[in-house]
Amino acid sequence: MSAITEGDVTALTDDADSSGQRAWIITKHLILFAVLILLWELAARAGWADPLMFPAPLGIVKQIWFIYVVQQNVWFHLYTTFAEAMAGLFFGSIMGIGLATAAALSLRFREYIKPYIIVIEATPRIAVGPLFIAWLGFGFSSKVALASLVCFFGPFVNTLTGLLNVDDEAEEMFRSMRATKWQTFWGLRVPNSATILMAGLKLGCSSAFGGALVAEFISANQGMGVLMSRYTYTLNMNGAFATLLSITFFAFLLFKIADVIDYYTVYWRSDSLMQAKSKKRKAAFLKAIAQN
Amino acid sequence: MTSIASDSSNIGPAELQDTGFKRLGLHILIFIIIIGSWELAGVFNQLNDLLLPAPSKIIVKFVDLWFIKGTIWWHFFVTMFEATAGFFIGVGIGMSLAIAAVISPIFRRYISPYAIAFNVTPGIAVTPLIIAWFGFGWSSKIAMATLVCFFPPFINTLTGLLYTDEDATELFKSMRANKNQYFWKLQLPSAMPLIIAGFKIALTGALIGAVVAEFFSASEGIGILMQRTSFKLDIAGSIATLLSMSLMGLLFFSIMEVLDYKVIFWKRDARMQQISKKRKAAWRM
């Protein structure tokens, strides 16, 4: 049995029944949000909030407009960080999934890498940052390396858990049908790990982003991390908040995209998708029979 | 349940037929072979000291850092203090928020969008802001550690407390347990494994937060030591520092394992028997 060691954000969402109720809840959320922002703005206007600490929301909005539309300098940095994080995620998950597959196939390999994995898990991996910069230089490659090192663990552990913890009875059935090792692997273990692998990739997504940002903090000349540290060093707090908000927004967007991919890849988890898929398969099967 | 795992302890059953002793010997043998060939490559001048120094050089640096010059002790202590302080504050905030959210569904409903937004933002992105707010000293590192580590205890406590076994709840209700009994005897113990798992993630997170804040700007701490050595291209020293950091991580990790072992005794058969025996003896007295 795999231990569930990660809480679930869905615990927070409530189940509103009708759509009318849902709309009302969203309105209430928005009202609360508006009140909070208004209070903040008023506090800033009245001089209670130090502009060096909490700049007024209006100023932040203006700054967002400025960097996205007027000056347009943020796009380039955004692109850099995104490219770094995605390349890191790509390499990291290939490394993680590859290692996990090897470990799942061979008990001996699993045994031998276990102590190293524990050490790697306990080390704050992001700390390798300066070393990577010394090795790979100040450019793109050191950021990708750090991002992939930071994010490889989520896909690795989740793939391994998914590949190993298969249903005992299903495995018995595969054995009684004389499935070969490869058939069991592709027909049982891989589909079984898909759900949890996607969760691991989502986890890796946000940590790859973090890795790229930290590498940029340490030393770089382009990217969101650099933009943010420049703004804070010049005490342009509006700019720093605007950058932070864009990081949040784009990280959220990425997360949502991953969610959609998750939904369509692991189709058997959602009933309606599952039914559509079965119908299609049934139609194809009937057609094949009719042709014979 | 969407997101599961991220814990190397469920890396799977070990069913190798070798005896424990032989297995340990093989582990050590493989380790020696790897390190030995690395060292040999160094002896035959195949390694560039600026990229990958030989293990012997790293060990010399390690001994130098810890025992001869002893520079690392202070830095080690500083980072450890920052991470631990951040951990306790973060856990305090996270758990109290979670308990508030469990008690009041309205509160839970209103914080949920913020929690989701917070969950997807990489917490370390806030580093420059935190440094600007709290200055270059210890407080900014503690704040950073707090910020990075508060989320796992929050979400895990919340999940654990919300998903209580329904049958057990019914049993408690039919026995007329009051609210306090329900919380202390059922809700909290059943949430405990998840809460401890949250602590585990948080402690590593706190260390990461402290180290990253030190990278950004600091004058003392193991992160700054690491940055100094690698910017001087003293790669052996840098790897030695990294190893010390792994040591700190392992220390934290094992503290958490002990806590896990002590608190969640019912998950392990041997421990469970030991405790039941003790309780039986106490009851007989």
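Q: What should I look at first to understand the pattern of salt bridges in this one?
A: Pairing between side chains of opposite charge can happen when their charged atoms approach one another. Going through the model one piece at a time under the given rule, you end up with nine salt bridges over all chains. The partner of A:K202 in a salt bridge is A:D262, with the nearest N and O atoms 3.5 Å apart. Placement of A:K202 in helix 9 (residues 181–218) and of A:D262 in helix 11 (residues 237–265) is noted, with a sequence separation of 60 residues between them. On the basis of relative accessibility, which here comes to 13%, the residue A:K202 falls in the buried class. With its nearest N and O atoms 3.4 Å apart, the salt bridge here joins B:K61 to B:D234. Of this pair, B:K61 sits in helix 2 (residues 55–68) while B:D234 is found in the loop between helix 10 (222–231) and helix 11 (235–263), placing the two residues 173 residues apart along the sequence. Residues participating in the shared-partner salt-bridge network are A:K202, A:K256, A:D259 and A:D262.

Q: What exactly am I supposed to notice about the environment of B:I195 here?
A: Residues and elements named next belong to chain B. Here I195 shows up in helix 9 (residues 179–216). For I195, a relative accessible area of 1% gives the class buried. In this structure, the C-alpha to C-alpha distance between I195 and L250, residues 55 residues apart in sequence, is 20 Å. Aside from chain neighbours lying at most four places away, what touches I195 is M95, T157 and L188.

Q: Help me understand the nonpolar core in this model?
A: For soluble globular proteins, nonpolar side chains are generally found buried alongside one another. Core analysis: the largest hydrophobic core is formed by 95 residues, its most contacted members being A:V214, B:F87, B:L129 and B:F154. With 16 residues, the top contributor of residues to this core is helix 9 of chain B. Setting aside residues up to four positions removed in sequence, A:V214 forms contacts with A:I126, A:L146, B:I124, B:V212 and B:F215. With 13 residues, the next largest nonpolar core counts A:A103, A:F156, A:L163 and A:F185 among its residues.

Q: Help me out: how do you make sense of the interface of chain B and chain A in this one?
A: Interfaces are often sized by the amount of accessible area the parts lose when they come together. The partner chain A presents 73 residues to the 77 residues of chain B that form the contact. Overall, the association of chain B and chain A removes approximately 7,200 Å² of surface from exposure, summing both partners, and the carbon and sulfur fraction of that is 71%. Applying the counting rule to chain B against chain A returns zero salt bridges. The interface formed by chain B and chain A contains three residue pairs in polar contact (both at pLDDT 80 or more). Elements represented by at least two residues in the side of chain B that touches chain A include exactly helix 1 (20–43), helix 4 (105–120), helix 5 (127–134), helix 7 (151–162), helix 9, helix 10 and helix 11 of chain B. Across the side of chain B that touches chain A, the residue classes tally to 51 nonpolar, 20 polar and six charged.

Q: Hey, could you run me through the packing of helix 10 (residues 224–233) of chain A against helix 5 of chain B in this one?
A: Relative to each other, helix 10 of chain A and helix 5 of chain B sit at 15°, their axes nearing to 9 Å. Between helix 10 of chain A and helix 5 of chain B, the interaxial angle falls into the category roughly parallel. The handedness of the crossing between helix 10 of chain A and helix 5 of chain B is right-handed. Along its contact with helix 10 of chain A, which presents A:M228, A:S229 and A:T232, the element helix 5 of chain B presents B:P128, B:L129 and B:A132.

Q: I keep staring at unusual backbone geometry and nothing clicks. Help me out?
A: The residue A:L235 is not glycine, and still its phi comes out positive at about 55°. Inspection of the secondary structure assignment puts A:L235 in the loop between helix 10 and helix 11. A positive phi is found at B:L233, a non-glycine position, where the angle reads about 60°. When its relative accessible area of 38% is taken as the criterion, B:L233 is described as partly exposed.

Q: Could you clarify how one ought to interpret the domain arrangement of chain B in this entry?
A: Residues and elements named next belong to chain B. Split by domain assignment, chain B resolves into domain 1 (1–46) and domain 2 (54–268). Each of domain 1 and domain 2 was reduced to a C-alpha centroid, and the two centroids are 27 Å apart. Taken together, the contacts link six residues of domain 1 with seven residues of domain 2. Interface area for domain 1 against domain 2, summed over the two sides, is near 530 Å², with a carbon-plus-sulfur share of 69%. At the boundary of domain 1 and domain 2, one finds zero salt bridges. Here domain 1 and domain 2 share one residue pair in polar contact (both at pLDDT 80 or more) between them. Here the residues of the side of domain 1 that touches domain 2 sort into three nonpolar, one polar and two charged.

Q: It is not clear to me how the side chain of B:D260 should be interpreted in this structure. Could you clarify?
A: Its location among the elements puts B:D260 in helix 11. Discounting residues that sit within four places of it in the chain, B:D260 has contacts with B:I196, B:K200 and B:R268.

Q: When you look at the state of the cysteines in this model, what are you seeing that I'm missing?
A: Cysteine pairs can be linked by a disulfide, which is a covalent bond between their two sulfur atoms. Residue and element names in this part refer to chain A. By the definition in use, this model includes zero disulfides over all chains. C151 forms no disulfide, and the closest cysteine sulfur to it belongs to C205, at a distance of 8.6 Å. A residue is classified by how much of its surface remains accessible, and C151, at 1% relative accessible area, is buried. Exposure remark for C205: the relative accessible area of 10% places this residue in the buried category.

Q: Looking at this model, I keep getting lost on the confidence of the model for chain A. Mind explaining?
A: Atom-level detail of predicted coordinates should not be read off regions where pLDDT is low. Residues and elements named next belong to chain A. For chain A, per-residue confidence averages 84 on the pLDDT scale, and residues scoring 70 or more make up 93% of the total. When the elements of chain A are averaged for pLDDT, helix 12 (residues 271–291) gives the smallest value, 83, and helix 6 (residues 140–151) the largest, 92. Note that pLDDT drops below 50 for residues 1–5; the model gives that stretch 19 contacts with residues more than four away or on any other chain.

Q: Help me understand a nonpolar patch on the surface in this model?
A: A contiguous nonpolar patch, built from A:Y116, B:L24, B:I28, B:F31, B:I32 and B:I34 and spanning about 560 Å² of accessible area, is present on the exposed surface. Among the structural elements, B:I34 can be located in helix 1. Residue B:I34 is classed as partly exposed on the basis of its relative accessible area of 44%.

Q: Please explain the packing of helix 6 of chain A against helix 9 of chain A as it appears in this structure.
A: Between two packed helices, both the angle of their axes relative to each other and the distance between the axes serve to describe the pair. All names here are of chain A. For the pair helix 6 and helix 9, the least separation of the axes is 7 Å and the interaxial angle reads 140°. Where helix 6 crosses over helix 9, the two elements pack in a sense that is right-handed. In this structure, helix 6 contributes K143, L146, A147, V150 and C151 to the contact, and helix 9 contributes G204, S207, A208, G211, A212, V214, A215 and E216. Split by residue class, the contact of helix 6 with helix 9 holds eight nonpolar, three polar and two charged.

Q: Sorry if this is basic, but what is going on with helix 5 of chain B here?
A: In an α-helix, one turn spans 3.6 residues; hence positions three or four apart end up facing the same way. Of the positions making up helix 5 of chain B, those classed as buried are B:T127, B:P128, B:L129, B:I130 and B:I131. Contacts made by the buried residues of helix 5 of chain B are with helix 9, helix 10 and helix 11 of chain A together with helix 6 (138–149) and helix 9 of chain B. B:G135 lies just past helix 5 of chain B and shows a positive phi near 85°.

Reading guide: rules and limits
- Residues numbered from 1 in each chain as written.
- Chains lettered and ligands numbered in written order.
- Predicted model: local features only at pLDDT ≥ 70, side-chain atom pairs only at ≥ 80, totals over all residues.
- Heavy atoms only, no water.
- Salt bridge = Lys/Arg side-chain N within 4 Å of Asp/Glu carboxyl O.
- Helix = DSSP H or I, 4+ residues; strand = E, 2+ residues; numbered from the N terminus.
- Buried < 20%, exposed > 50% of the residue type's maximum accessible area, 1.4 Å probe, protein only.
- Contact = heavy atoms within 4.5 Å.
- Core = buried A, V, L, I, M, F, W, Y, C linked by side-chain atoms within 4.5 Å.
- Buried area = accessible area lost by both parts, 1.4 Å probe.
- Polar contact = N/O pair within 3.5 Å; in protein donor to acceptor, adjacent residues only side chain to side chain.
- Nonpolar A, V, L, I, M, F, W, Y, C, P; charged D, E, K, R; others polar.
- Axes fitted to C-alpha atoms, helices over the stretch in contact; angles between N-to-C directions.
- Parallel < 35°, antiparallel > 145°, perpendicular 65-115°, else oblique.
- Left-handed = near helix turned anticlockwise from the far one by under 90°.
- Domains from an automatic or database assignment.
- Disulfide = S-S within 2.5 Å.
- pLDDT = per-residue confidence, 0-100.
- Patch = residues over 30% accessible without salt bridge, like charges linked within 9 Å, V, L, I, M, F, W, Y side chains within 5 Å.
- Areas by Shrake-Rupley, 256 points an atom, 1.4 Å probe, with all protein chains shown as cover.

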